[in-house]
Structure formats: C-alpha cells, structure tokens
Amino acid sequence: MEPGTEVSENPSLAFKRGLERVEAQEPDNKRRRSAGPEAAFYELLTDGGCELSSDRSGHEVEVLDARKLRRSLEQKLTLNAELRGAFMEGLAAELQDPSKLHAFLRPMTSAPVTGDSLARVLLNEASLQQDVAALLLERLSEFDSGGSEEERTVAQLILGQFRWLDQVVDSHGLTDKVLQVLPVWPQELQREAITFLPEIAPEEDYEAVLNTLADLMQSDNCFILPVIDAVSSLSLGPGMQAQVVEMVMDRIHAADPEDLPVLVRFLLQNVSAAAVKAVVTTLRDSLHFAAISDPRLPVPERKQKGKALGPNENPEYQLLDAIKQGMQLNPVAVEALTKEIRALTEPGQHKVLDFWVILLLLTLGPDRRKTAEAMLRKKLAEGHAEAAWMARAIAGHEKAMGEFFPTLLSLAQQLVRASTDEVTAAGTALYVALFTHLSGAFHHQEVLRALHAHLGAHVPAETDAALTVLSQLAHGNTSGLLKYAAFLTNILDYLEGYSDAQTHKVFSMFSELVAFTCQQANETGGSAERSRMEDELFIFLRKQLSGVQASHRRVGIIGVVGLVQRLGDGLSEGTEHTGAIGKRYEEAMVMLNASFTECQRSPESFAFLCDELARSIQQGRVSRRLMQDLFTLVANMFEEKFIGDLSERASIQVGSTLVSTLQWWNLDGEASPATLRMLPLLAEHASAPAGTSTRTPLTYLFSTIRLMATTEAALNGGQLESIDALLGCPVTLFPMELTSPAEFGQQAADMQRVVLLGTFYALNWYREMVNAFTAQLATVGTRGPGDKLELKLLARLRGICQLEALLDALLAQAPPLFSLPTLSNTLDPASAAAVPASAAAAKKAAGGKPKEGPAKGKGKKGVKFESGDDPASTKRDEPESGGKASSAGTQQTGGAPSATQGASAAATAGLSRLSLDRAKFRSLLLPALCALGIGGGTCYAMLAPAGYLLADLHGKLKAVLHKSKRPAFLAKGPAKPALPTDLSEMCSAHLLEALRGVVPALRQHLDTSLDAVTLGLSDAAMDEADQQNVWGSLQALSTQCTAQPPEASTFLIEFPENAAAKAAVSPSAAAPRVATLVLECIRLVLTFPGIAAPANRGVLQALLQAFRPKGEEEDEQQESDADVWDERALLAGCVKTFLYFSQLMPSEDLAAGDSRLGFEHCHSLLLIMNALTRVATQLAEGLPPEGREWRKPAKMGVRTSRAAKDMLSKEWKDGSSQEGASGWKGRNAALAEVVRIYLANLPRQAPEGSGAGKKGVDRLQAIRDLAADVFPGVTTTTTGKPNSEPSDAFPSLCGATLAVWYKAGLEELQALWEAYVGEAAEMEKTRGGMEDDQGVEDLLCALGKCSEAFAHLMHLVKVQDKRVAVHTQAVKSGGKFLETFFKALPFWAAAVKDHQEQCLKLVKELQRGTKVIQVLCSEGKTNKALPLTARVPQVKRTVERFVFKMSEVGFFVGTLKHKNLQGHQVPSQASATNLRMYPEGEGGSDEEDEEPAEEEEEGEEEMGETQGDEEH
C-alpha cells in the first residue's frame, strides 16, 4: 500500500475514505472514546481536520492541512483554560499507549507534505507548549539505555521535536524542566539533550546550564564533546567564558585521545589574554605525545578488514590541525605560545608540542614563518635547544609529520644554510630524522633531491652538511640508503671541487655501502658479482688514479685508501679473502698496490698517498696485516732512496760547481749508523737536463717518515725502536760557509737554489723528527735534564729555530722566480695555482714594481694603492696571526678576540718573508707540544724552542677555539682553510686535552722568561746558569755516545757570519717572545666560550692549579690532580690565579718607562685578568646567591678596572715612537679594549658608604665624568703635533685617540641603557611592578643619569666639529640609543602619571641629544659626507619616531628649527654652497655661539610640559 500516491492524486478523497474507515469501527469502541477523557482531545483534532487511524500495521495520524490544524487549536485553546486542560488530559491518556506515542512523534500524513509530527504541531502552539514539553520530557525518564531498539527510536524522536521550534514561549520554564529531568535520563539521551540546550536556554539561565554541564563533564568523559558543542553556541560574557575555559581545561588531563582536538581547538579559540598563560601551560603539561605506544590510544585489530585510517584521520594530525585553527582565529594564543617557547632556555625544557607549534607557525604566513625561523635559529645557536628535540618530535609520529613533510624539508634547508655551526648541525640532524622515520619512497627521494641541491650549491658549509647527512645515513640506515645508490653515484661528478675532508666523507659513504652489500651477499649466500654502483665506483677510482692532473689523483688516492680501510675492517684477522667482501678487498688492494707503483713516478702523489695512509693509521682504521705490509714496503724504499753511509764521497758536482759535503748535526757521533742523503738528491735534481722531470724524491721524504713512524708506533705500542737512530743521525749537506749572506750572494743561481732547498728540507726533516719522537715523552717534565731523548729533541728544536732564521735571511737574495715547494698537502689544487710568495717578496725587495695590465677602457685608470702594490700582495705582506705559530699552515681567523700587536709580532718572530710560505711547511702535530716540558726546571736554553712551539700552539688555538663563523664579505674563491689537511679534524676537545698536560710547562716558561726580562739577564749569564744542568748533561751524553766527545758545535752549530741564526737561539731575544706567547695562549683559552662547560673543566682546573702565587705551591702539591673541582673550588682557583697575574702588573706608582715589562705584556695580563673575571662570574651563577662567593667576581672586576685605568694613565714609550708623540699612537685596537675593560668592570652602582673616593665611582658616573669633564678638554686641532699632545687626565687620551675613547664610552653607555630599559619593560609587564613607587623612582633615576650622559656625549660633537669619526659614531650610537628607548614605551606611559617631574627631566636630556643628531643628519647629507650619509635615512626616521612617540605618551613638541652645529639658524632654502659643516673664520667661540641656541629652546623641539600640566 502506498498512501502517499493516493494522497498526492486526490487528497480530499483519501481523507474521506479514512473517516469512513473510522466510522465503520465498532460502536462500543466509539462510545467508550466519546465517553472517556479523550473526547475533548479527539473532538478538537477532528475539528482541525486530523484523525488517528489504526490498522494491522499500527497507528497513523492523518491530517488534511497541518496549518489548518494549528490555527484551529490556537483559536479554541488560547483563551479556554478548561478546554485546554481537558485536551491535555486526553493527550496524556492517549500517550500511555506506546504505539500511539510513536504515531504522534512520526510525521503526519497530510496533503501538503510538511514533515511535521502531531507532537511538533502541539509544541509550536503557544498555549500548549509548556504542558506538552513537560509531558514529553517526563516520558523520557521511562526509557532505559538497555531497552529495545524501538524504545531508543522513540526517545530519539521525542528529543527531535525540540529542535528548531518556531518559538519558545517560556524559555526559563522549559530550560528549568530540562535541567530537572536531565540527571535521570540515560547517557545517550543526555548527550542528545545537551546539544539543543543553546536553542532554548535564555541568558539568565546560562549559569545554571553551565553548572549542570560541568557536573556532567565531571561524571563521565563521554559528555566532553557535547558540552563543548553546546557551550560554543552560547553567547557568554567574559566572566562565564573564563569559567567555561577553566572547566574544559580541568578535563583535558582525562580526555580521550580522539576528543583532544576538539578540546584544544576550543581552548585556543576562546581563551582570553588573562587566562592564556594558564591554558598554554596546561597544554604543554598535558600533551606529552610519548610515542605510538600510548596506552590511551585504541589498538587496531590485526584482522580488521575495510578501509584503513587515512593520514587526515590520525588523532595526532587532527590535534595539530586543531591547534592551527585555534591559532588562526585567536592571535592572543599565538603570541602566548610563541612567548612561552621563546622563554625556554634549557634543552630539557623543550617538549614535542613546542616543536609542533613552531612547525605550525611556519604555515601561518610569511610574518609568522619569519618569527618562527628566527626563534628556532636563536635557540639552536645559543644552545637552548638541541637537534635531538626535533628528532623526538618526528620519531613515533610519522603519520602526522608526513602531512607536514614539505614544511619540514624546507625548514631543514633553511637550517643547513645558516651561518652558525650549531644551527647547521641541527639541520643535518633534521635531514637524518626525515629520511630515517618517514619511510615512504617519495620522502626519501625528496630528501636526496634536497641534499643534491646543497651539494651543487658550491657553498662549503652546505656541502659539508649534506655530506655529513649522507655519511650518517650510510652508517645508520645503510639498507635504506642503498636503495637509491643510482642517485648517489652522481655525487662523483662534483668531487673535483671538494676539499679533502669533503672527499673523505664521500668515500666513507660509498665504502660503507660497498661493505654492506658484500656482507648481505655473504649472509644470504648470494652472488659475489659487483653491483652497478660498485662497478661505477671502481671504474671511477681507476680513472682518477691514472689521471694526469693532480686533482684527479688526489681524489683517487683518497677513495682507494678509504675503501681499503672499510673493507679491511670487515675481514677477520688471519682469515682468507673469501666471499664477496674478500674479493672486494683484494680488488681494492690491487688498486692500492698499483697506486704505490704509479705514484712513485710523481713525488707529490706518493707524498699525498703516504699522508693519507698515516692519517688512516692514526684513526685506527687499518688492519694490522696491512700495516705490516706497508711498513716493510715503505722501509725498504726509504732505506734505498734516502739513507747513505758516513763514508760516502766528500764532494758532489752541483751543476757546474763541485761542492764538498758536510754532515750537519750528528748527535750520535761516530756511533751514528748512517746519514740522510740530502745533498746528493739535491744535486741530481739541480743537474737534471733541460726538458726532463725536475721532481725530486725529497718531496715525499717527510710523508714517508711520518708513515713509518705512525705504523711503527701502532705495531709496537708507541715504541720506535726500528727508526730511533734517525733522531740523532746527521744530514749530508753543503759547507756552512755557503749560508753566509756574502758567500751566498756570490754563488750561481743553481747553487743558490740548492742552498735554499737544502735548508728548507732540513728544516722540515727536523720538524718531522719532533713529530715522531715527542710522543714518547710519557710525562712532561719528569725525565730530567740528562735524558737522552729530551736532549736530542732540544738540539733538534734549536736547530729548527736556527734554520728558519737562516732561510728567512737567505730568501731576500733568492734567484728570480724561486719558490719553495709545497710539502703539506702536495696535491692541493690551490697550492699548485698559488703565486709564489717568496718570489714576490724577493722582487719587491729588489725594487721591482708590479706590472700593470693594459687598461680595458678608454681613458680609464686603474685603482692606485698607497703602497704601490696590488691589493693581494698588500694583504700577503701583512704577517699572519698564526705566523710562525701556524707552521702547520694555521691561518688567523676573524672570530677570535682582537689579539695584541705583540702577539702577532711574537708569533712571526720577525720572519716576514718565511711567514708568507708558512702553509708549505710540514705541520707540527699535537704530540709535539710535549716538547715544552724539556729541561725540567729553569732552562734558558729552552726559551728559543719554547717560543717556537708556543707560536705554533698560538696559531692552533686561534684557528680552533676562536674560528670565524662567517666567510669574508665578497671573498673571492673558497675560504682558505684554518688548518692544514692533516689537522683538519682537530676539534676543541682534542686541542684542550693536549694542552692540559703541558700547562705546568707553560708556567715554568713564563716564570723563566719573566725573570730574564725583569732582571735584564744577558746571554752569557743565562748560558752560565745552564752550564750546570743542561750543557753538562749534554757533554756527558756525548761521552756515552762515543769514546771521543765531540765539540760543542756538534749540538749547537754556529753559522759563520750569520747573525740571524745566532739571534734565533738567543735567550735574551727569545724571553720577551715567550712571555708574550704564554700570556696570549692563556688568554685564548680563558676567552674560549665553552671553557667553563663541564666537558672543558679539566683544562681549566689544570690552568688554575698551575698559575698561582708562588707562596701557595704547598697547597697545590697537597691537592690531587685526579680530583675534579666543583664550581666552588673552581671559583676559588680563579681568585688565586687572578691574584697571581695581578701581581705581575706594574705597580701604580711605577712609571711605564721604569717597568721592564713592555706594553704587550701588560696588555696581555690585563686581558687575562678580564677573562678570569668573566669565568668567575659564570661559575658564581651556579652557586647559591646567599654565599660570599657572589662578591668575589665583583671585587675582581673592580681590581681589573683599576689596572686598566693605571695602564691608561701611563705614557708608554717604545723605540718606534717619535719624539714628543704618544706611545699609544698606532695602538687604537688595544686602546679600545683597555678603555672598555676600565668602564665595563666598574660596579654598576657605587657601594653604599664609599663616599667620594675611588671605590665609590660607578660605571655610569665614570662615563658621565668622561663626557662632561674629560672629553671637552681635548684639543680641537686635527693635524700636527698638538693633535698628539696627551690630555691632563689620561696620557692615552689625545686628539688622535679621542674617537677611540668616544666610541668605547658610547658602547658602554648603550650596554647600561639596554639593561635599565629591559628592567623597565619587565617591571611594566610584571603584575604589581608599577605599584612599587620606590623601585620605579630608583629606576627612573638611573635612566635619567643615562640620558644625561648621552646628552653630554652628543654635545661633544659641537666642540669637536671637525672630527668626522666622532660625528659618525655619534650618529650610529645615537640612533641605536633611541631605538632602545622605544622598547619600554608602556613603562614611560605608566610612569609619567605618578613621576611626571623625573620623566620630564629625562626626556629633556634626550631631546638635547636628538637635536645634535638631527643637525648631523642634515649637514652630513647636505655636504655629502660619505661616513654619515649611509646612516642618515634610518637615524632620521628614528628621531622623527621619537618625536611622535613622545607626543603619544603625553609630551607636547614645539616646532623644529634648522640649525647648524654652532647653534646658528640656517635658512631652509639656502644653497648647499653656503652651508659648511666646518665653517672657518667665524668670530666668537663655540661657547658664545651656543648661548642663543639654548635661549630659544622653548620655540624648538621643546618637550617642556605634559598634557596633564596643561589641563590643570
């Protein structure tokens, strides 16, 4: 039966038939219905055209027109309460029947289909709504959650009637009724009822509704989502909104994982500024995201069929999406989350949610992205966060993070491109985490694509990072990386431009992949045939080894050695080469043997091969069997090529000259078994016919002996028994008379080359001897002065000093185009293409001028330099800070604190020519530092060797501890490496550990050198002192070596007529250098940023133990070196060490000329005192604040400031100073440091009760005194002798140094200003901070003093109106000063209400400075003063912003008049020619011109009153 069709065709006929069926029912039933309480009910329904029909299928309500029924009921029941009662009584009786109740709730059958049920029609009737609603709601309590399906359907229908009612007559009554019956309903009905409460509840019932909902949420978690849905639809006030947020926040700990997204979204969208911090804290404490093993997450069924959950259905992704939506809709939440994460300063404080929030910020537009990237970079750079934090956020959350993969990949690219090493390392870790945890092929390919982009960017830092990622993946995720081996072979195309370290990483990765492939073949029993990747790798290596270019052979050697290393590790000792890995090892060994044979034809290649093998052995990655084979092969070749008998011929033909031979420095006498055949090999090299190869085997002599020594030490536990005779054996060279400058100049060009090369090779041979045998010095300083090994090393070190001085002197007369060969990294393309520095120096010494190329443009002239040289040569002529220190090729870097000028001079030891070719020398390894302990106690003979070793140590400390983090701006070509190849892997930990053992030797050398300097000992006196403990032992050693003791010249060769060689071992000449270098090395260690870190406290403890006052040696001996000091002990050690160095400073009443310590020594001592103060401050921060230790750093700072002031108060004279000129001239960098130390170490506030004495001057008062009293007294003359006349207050202050003092004063004032402004901003943000009147008043007083000092410094510009350097610094620092002022604008606005007078005074002082800045900007732009014009736009905008901001705060600003520095008003339309920045010939002094300007202040930019003043 389809009644709908009949009704639609003829509704009236259908309704009549229904009535006929009703009338045809039983008469007694009709009589019962008419006689019962239902009579009125049915009568009213019938009048409205509605009838209840029934058949076998049940009851059904039929109506002709639902609208007619509603109008009929409204007309009859609105005013008839009795009839309405009868109607409700009948309705209640009828609804007792469940089937009729179901019929009343279902849509009625009507002609116009409306879908309304009879119950909904009655609810929309105003007069019946309340009674019908109560009747239906009461019936709901009869249904049980465990009832039948039909009962649950009826209950759902009842609740559905209350949705979207046309009107609610009595909202309060209906809401009250729902809240009454709601607790007794089943949970399912309660959740449904909660959702329609917002539709019926009035605002006055919101509180009752919220209380009921809160009770339901507390009872069961199933109500959380319905309650949040309902509450979101209510129009709540701020108070109730906060109550709801707190209610939801309390349930977040117990919420189910699938409900968390809704809760978090609601909290972030609706939180207010007052409660946002609590919400953020709750979210960070509640959302842990431990891993996928969270027990709250549902466990999926293994046999579950159907569609799996998509990525967007993952609970973690839904949560992230909810957080993102909340941040998009509520900026308060974004700022709070960002501020909370930014405030975290410890790595352990960061949680997974924090990184996810940063990740979401990256997707919220460019502004948010920029903020998030900057915050993350800062955290990583400063050590507040670690890379492991980002890896934790990805591991275990792959599905959620997979949706953010593009953002993560972009973030990794940005981090890798950062200029900070820590940030770059975090980027590499992020790449590794993405490849490891996101296992999709798409993700892997995209990561490799990004890495290839870095590899091809030709940026060394990016290339290093990308190769580090690939190397880590090859060792940690080999199987995953091996799938994409076809992509990796493209890296081989980039190798030609890679450095040695980068090439090592590439072949380390490929070697690991080859070894893994072979191991898989062995385990699975697969084929031993090579894969495609292996074929390409082996073909590439063979091509590189057979290449003609040195760069190709370099790549091939590194690759073969790396492959042999890794494959050798996979073979067990003593096993046969079976299986896949055995076959690969045999193939690699074949290539290695072929490279040995092939490289011997090229000395440079063979030297590089030996160095590579030696480095591999040092790393412990070469098997013992391979080392034995290598030693046998190399030893036989070495003995055949380089070792000869002492009885060889006495003369050798060198070109056209017959030269007699001489055995140099035979320490073993007649007992020496052999000699080093250096002159014969040089003669062969010099006598080679034209057109033949000019390469000499001496090129690989040094690499060969290093390989032999390294292999022998690895095989025999550090002993060198088989080669120990080489330390004392002589070197066959030419007569020493040829080294005389006069004799050398008369020789032929071929002979001069032989002399220079022989000296150079002998020098490097002894350096390699020092490298090989100093490792056997087990304990520094315990062998005693008579030890055979120590004495031989002493002789070799003194010989090195002499040979360097000799070679430097002879290079001045070198033949044209002569250059020293490269012995370090012989296949380096950069060294092969470099211009010979010594040849350029010789040409310059001969008076030659650089040849200028032809001009390419008509009428164009080349840039002419003052020295007449090109920029490159000018730069080369400057001695490197490493100088002699960088004998290993160490270069000065820009990241270190500015070193003293004496340190650079001491490092080079005056060898200006040789320092240019320092990178060509064989490097001194870290074990060579042990030689500093030779001699035991006081040994003046060791001063020259100690200076040599200390210079090398100084260069290494500069390169490793203070390396530059940024490349030079617009640098041409790749950056020059700070360390040579064989030291490229040196890190700060290795260097500090090596330094730790020689710290006592540093103290001994410092005491010895200072004694020699302060006592003024002569060379004869020091030689006499050494006769007992050094030379006597040396003579005894000679007696043991041979029956006939050799002369003293056997150990100490005196070069005839060569003063440079003699001066090189002079103790009196070496003592000042040693003192300077020891102090500089200590300074570099103490200024290392991580020296106070737990990992580096060992060397700090050793340093503090060694450098103590002389009266405390007993305490030092009682303390065990094995005990690790805590912060308190280290702080006490800092105090004692500080006392030791402070005692070395000249006394206050001693003039600079009366002190034997030079300026460089005192400068270094002052820097050490300052560094110790900083270290003590860091250590004190880890101690309880109530202890007395907190006062010690402050006292150290005051004493350091006093020492700096004493230096500034002395007139330092030296031999280079002109008569009448200040000894400070030319020492601007040192002067700036001393002034900063003087000001920065003064107490921030003067101690109470100190009076007006020296101890009572604080930092701010000192700056104010300088600006107001000292600086104005400096002469205004900028040229001539008056410009160099010292002032009365400080001899270091004169017209030439005023700009240095001025800059230092402004910088220290800026630091104080920033600190006080930061306190002001924090006070305003802190609740109740502005209520502390005394605190606000004290802070305003300090800020007022800062502004007063600022005004005085700016006013100095008017006095020094001709010093452009002062004007430039005023504009630069003035703009920064005002920018800092803006950071505390809310504080100024709040403080001006209660502290109006102080604020007004402060702003007036600032206004005095802004006037000067405005004038400087105007005149500098008008006169086109280049130093000023670059800064004018930004500074001018800052000044204008200051004026506008002051107006907003409440200060009235007058009109601004255009004046010049002298205070004269300038017409705005005047021509530029009439405006001179430095007017001449004007009458009157500056003070007289200044008065009218001050009188007109009220008409200018005057801030003389506030808005409050005018209102009153």
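Residues numbered from 1 in each chain as written. Predicted model: local features only at pLDDT ≥ 70, side-chain atom pairs only at ≥ 80, totals over all residues. Heavy atoms only, no water.

**Digging into the overall build of the protein**
Argument step 1. Scanning the protein from terminus to terminus reveals 67 helices and 9 strands.
Argument step 2. In the protein, which comprises 1512 residues, the share counted as buried stands at 52%.
Argument step 3. Long-range contacts, defined as pairs at least 24 residues apart, comprise 77% of the intrachain contacts of the protein with a sequence gap of at least 6.
Argument step 4. Only carbon and sulfur atoms are counted for the fraction: they give 51% of the accessible area of the protein, which is about 68,400 Å². (Helix = DSSP H or I, 4+ residues; strand = E, 2+ residues; numbered from the N terminus. Buried < 20%, exposed > 50% of the residue type's maximum accessible area, 1.4 Å probe, protein only. Contact = heavy atoms within 4.5 Å. Areas by Shrake-Rupley, 256 points an atom, 1.4 Å probe, with all protein chains shown as cover.)

**A short note on unusual backbone geometry**
Argument step 1. With a phi close to 60 degrees, His458 is a non-glycine residue in the positive phi region.
Argument step 2. Looking at the element boundaries, His458 is found in the loop between α26 (441–455) and α27 (460–476).
Argument step 3. Relative accessible area serves as the criterion here: at 72%, His458 is assigned to the exposed category.
Argument step 4. The backbone of Leu817 sits at a positive phi, close to 65 degrees, despite the residue not being glycine.
Argument step 5. Looking at where Leu817 falls in the secondary structure, it is placed in the loop between α40 (788–811) and α41 (829–833).

**Digging into the pattern of salt bridges**
Argument step 1. Counting across every chain of the model gives 31 salt bridges.
Argument step 2. Taking the shortest distance from any N to any O, the salt bridge between Arg767 and Glu804 comes out at 4.0 Å. With Arg767 in helix α39 (residues 749–773) and Glu804 in helix α40, the pair connects residues that are 37 residues apart, well separated along the chain.
Argument step 3. Residue classification places Glu804 among the buried positions, given a relative accessible area of 0%.
Argument step 4. Of the charged contacts, one joins Arg1083 and Glu1080 as a salt bridge, the two residues approaching to 2.8 Å between their closest N and O atoms. (Salt bridge = Lys/Arg side-chain N within 4 Å of Asp/Glu carboxyl O.)

**Focus: a positive patch on the surface**
Argument step 1. A contiguous patch of positive charge on the surface is contributed by Lys1303, Lys1372, Lys1376, Lys1383 and Arg1431.
Argument step 2. Structurally, the position occupied by Lys1372 is in helix α61 (residues 1364–1381). (Patch = residues over 30% accessible without salt bridge, like charges linked within 9 Å, V, L, I, M, F, W, Y side chains within 5 Å. Lys, Arg positive; Asp, Glu negative; His and termini not counted. Charge placed at Lys NZ, Arg CZ, Asp CG, Glu CD.)

**Let's talk about the pairing of strand β6 (residues 657–660)**
Argument step 1. The pairing of strand β5 (residues 651–654) with β6 spans 4 bridges and is classified as antiparallel. In the sheet register, Gln653 faces β6, and the bridge partner there is Leu658.
Argument step 2. Hairpin remark: β5 followed by β6, antiparallel, with 2 residues in the connecting loop; positive phi at Gly655, about 65 degrees. (Pairing = 2+ DSSP bridges.)

**So, the sheet that holds strand β3 (residues 109–110)**
Argument step 1. Here 3 strands make up an open sheet; going across it, the order is β1-β2-β3 and the pairing mixed. Taken across any chain shown, the strands that pair with only one partner, and hence form the sheet edges, are β1 (50–55) and β3.
Argument step 2. With 2 bridges joining them, strand β2 (residues 58–63) and β3 adopt parallel strand pairing. Looking at β3, one finds that Val63 is bridged to Ser110.

**Digging into helix α13 (residues 206–219)**
Within an α-helix, residues lying three or four positions from one another point in the same direction, as the helix has 3.6 residues per turn.
Argument step 1. Its 14 residues give α13 an end-to-end C-alpha distance of 20 Å, which sits within 8% of 20 Å, the value for a rise of 1.5 Å per residue.
Argument step 2. Against the buried residues of α13 lie α11 (171–181), α12 (187–200), α14 (224–232) and α15 (238–250). (Expected span 1.5 Å × (residues − 1).)

**Looking at helix α18 (residues 315–329)**
Argument step 1. Across its 15 residues, α18 extends 21 Å between first and last C-alpha, which sits within 8% of the 21 Å expected from 1.5 Å per residue.
Argument step 2. Taken as a whole, α18 has its buried residues at Glu316, Tyr317, Leu319, Leu320, Ala322, Ile323, Gly326 and Met327.

**Section: a negative patch on the surface**
Argument step 1. On the surface, Glu1331, Asp1332, Asp1333, Glu1337, Asp1338 and Asp1394 cluster together into a patch of negative charge.
Argument step 2. The element contributing the most residues to the negative patch is helix α60 (residues 1333–1359), with 3 residues.
Argument step 3. Looking at the secondary structure, you find Asp1332 in the loop between α59 (1298–1325) and α60.
Argument step 4. Judged by its relative accessible area of 41%, Asp1332 is partly exposed.

**Concerning the side chain of Ser511**
Argument step 1. Inspection of the secondary structure assignment puts Ser511 in helix α30 (residues 500–524).
Argument step 2. A distance of 3.4 Å separates the side chain of Ser511 from the backbone oxygen of Gly562, its partner in a polar contact.
Argument step 3. In contact with Ser511, not counting residues within four places along its chain, are Gly562, Leu563 and Arg566. (Polar contact = N/O pair within 3.5 Å; in protein donor to acceptor, adjacent residues only side chain to side chain.)

**Here we look at the confidence of the model for the protein**
Argument step 1. Scored by pLDDT, the protein comes out at a mean of 77, with 77% of its residues at no less than 70.
Argument step 2. For the protein, the element scoring lowest by mean pLDDT is helix α43 (residues 871–877), at 34; helix α24 (residues 405–416) scores highest, at 93.
Argument step 3. Contacts for the low-pLDDT stretch residues 832–899, under 50 throughout, to residues beyond four places or in other chains number 119 contacts.
Argument step 4. Note that residues 1215–1221 has pLDDT below 50 and, in this model, 4 contacts with residues that lie over four places away or in other chains. (pLDDT = per-residue confidence, 0-100.)

**Examining the side chain of Arg553**
Argument step 1. Note on placement: Arg553 falls in helix α32 (residues 550–569).
Argument step 2. Polar side-chain contacts of Arg553 include one of 3.5 Å to the side chain of Ser602.
Argument step 3. Ignoring sequence-local partners within four residues, the contact set of Arg553 consists of Gln544, Leu545, Gly547, Val548, Ser602, Ser605 and Leu827.

**Some details on the packing of aromatic side chains**
Argument step 1. Counted under the stated rule, the structure contains 32 aromatic pairs.
Argument step 2. Taken together, a centroid distance of 6.1 Å and an interplanar angle of 50 degrees make the contact between Tyr484 and Phe487 tilted.
Argument step 3. For Phe487, a relative accessible area of 41% puts it in the partly exposed group.
Argument step 4. Here the aromatic residues Trp1313, Phe1350, Phe1377, Phe1381, Phe1382, Phe1387, Trp1388 and Phe1442 are joined through ring pairs into a cluster of three or more.
Argument step 5. Over the ring of Phe921 we find Arg918; its NZ or CZ atom is 5.0 Å from the centre of that ring.
Argument step 6. If you follow Arg1227 out to its NZ or CZ, it ends over the ring of Phe1159, 4.2 Å from the centre. (Phe/Tyr/Trp six-rings, centres within 6.5 Å; stacked < 30°, edge-to-face > 60°. Lys NZ or Arg CZ within 6 Å of the ring centre and 35° of its normal.)

**What about the environment of Leu983?**
Argument step 1. Here Leu983 lies in the loop between α46 (943–961) and α47 (988–996).
Argument step 2. Residue Leu983 is classed as buried on the basis of its relative accessible area, which comes to 5%.
Argument step 3. Measuring from C-alpha to C-alpha, the distance between Leu983 and Arg615 comes to 9.6 Å, with 368 residues separating the pair along the chain.

**Some details on the environment of Asp464**
Argument step 1. Examined against the element boundaries, Asp464 turns out to sit in helix α27.
Argument step 2. Asp464 gets classed as partly exposed once you look at its relative accessible area, which sits at 27%.
Argument step 3. Sequence separation between Asp464 and Thr424 is 40 residues; the distance between their C-alpha atoms is 9.5 Å.
Argument step 4. Non-local contacts of Asp464, meaning those with residues more than four positions away in its chain, are made with Gln502 and Lys505.

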